[in-house]
Amino acid sequence: MISYSPLWETMKQKNISTYALIKEYEIQSKTPYNLKHNKHITTATLEKLCTILECTPNEILTFE
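Just so we're clear, the structure is a prediction, and the values are computed from it rather than from any experiment.

**Observations concerning the overall build of the chain**
Of regular secondary structure, the chain possesses 4 helices and 2 strands. Taking 2.2 N^0.38 as the reference for a compact globule, 64 residues should give roughly 11 Å; the C-alpha atoms of the chain span a radius of gyration of 11 Å, in line with that estimate. Across its three principal directions, the C-alpha atoms of the chain cover 30 × 25 × 20 Å. Taking all 64 residues of the chain together, the buried fraction comes to 38%. Within the chain, contacts between residues at least 6 apart in sequence are counted, and of these 60% link residues at least 24 apart. Within the structure as shown, the chain displays about 4400 Å² of accessible surface, and the carbon and sulfur contribution to it stands at 51%. With 7 positive and 7 negative side-chain charges, the chain shows a separation of 9 Å between the mean positions of the two kinds.

Written out as structure tokens, the structure is:
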């Protein structure tokens with residue numbers, strides 16, 4: 001199972017809010033919901049999050 005729990009700490013460290021992801025970086029509004037509930041996101045979205053947060057996928061998700 002995929003967990004996006006590392007994402008929230010990475011966002012906190014980078015001082016980027018969920019609101020900023022949607023409004024400033026044009027992430028679809030359903031994406032934060034999917035992330036909070038460990039649901040599917042596309043690899044394109046994962047890549048975009050990595051670019052925004054200047055991080056690797058390991059700082060966004062883990063496999064449990």
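That was the structure; now back to the text.
**As for the nonpolar core**
Ranked by size, the top nonpolar core spans 17 residues in total, and within it Leu21, Leu49, Leu53 and Ile60 carry the most contacts. Breaking this core down by element, the ones donating at least two residues are α1 (5-14), α2 (18-23) and α4 (43-53). With 5 residues, the top contributor of residues to this core is α4. Residues within four places of Leu49 in sequence aside, it is in contact with Leu21, Ile27, Leu35, Ile41 and Ile60.

**Let's talk about the environment of Ser5**
The residue Ser5 is located in helix α1 in this model. Its relative accessible area of 44% is what places Ser5 among the partly exposed residues. Once the C-alpha coordinates of Ser5 and Asn15 are considered, the two residues, 10 residues apart in sequence, prove to be 16 Å apart. The residues contacting Ser5, other than those within four sequence positions of it, are Ile60 and Thr62. Engagement of the side chain of Ser5 in a polar contact is seen with the side chain of Ser3, the distance being 3.1 Å.

**Describing the side chain of Ser3**
One can find Ser3 in strand β1 (residues 2-3). By relative accessible area, Ser3 is classed as buried at 6%.

Rules used in this analysis
Residues numbered from 1 in each chain as written. Predicted model: local features only at pLDDT ≥ 70, side-chain atom pairs only at ≥ 80, totals over all residues. Heavy atoms only, no water. Helix = DSSP H or I, 4+ residues; strand = E, 2+ residues; numbered from the N terminus. Rg over C-alpha atoms; globule rule 2.2 N^0.38 Å. Buried < 20%, exposed > 50% of the residue type's maximum accessible area, 1.4 Å probe, protein only. Contact = heavy atoms within 4.5 Å. Areas by Shrake-Rupley, 256 points an atom, 1.4 Å probe, with all protein chains shown as cover. Lys, Arg positive; Asp, Glu negative; His and termini not counted. Charge placed at Lys NZ, Arg CZ, Asp CG, Glu CD. Core = buried A, V, L, I, M, F, W, Y, C linked by side-chain atoms within 4.5 Å. Polar contact = N/O pair within 3.5 Å; in protein donor to acceptor, adjacent residues only side chain to side chain.

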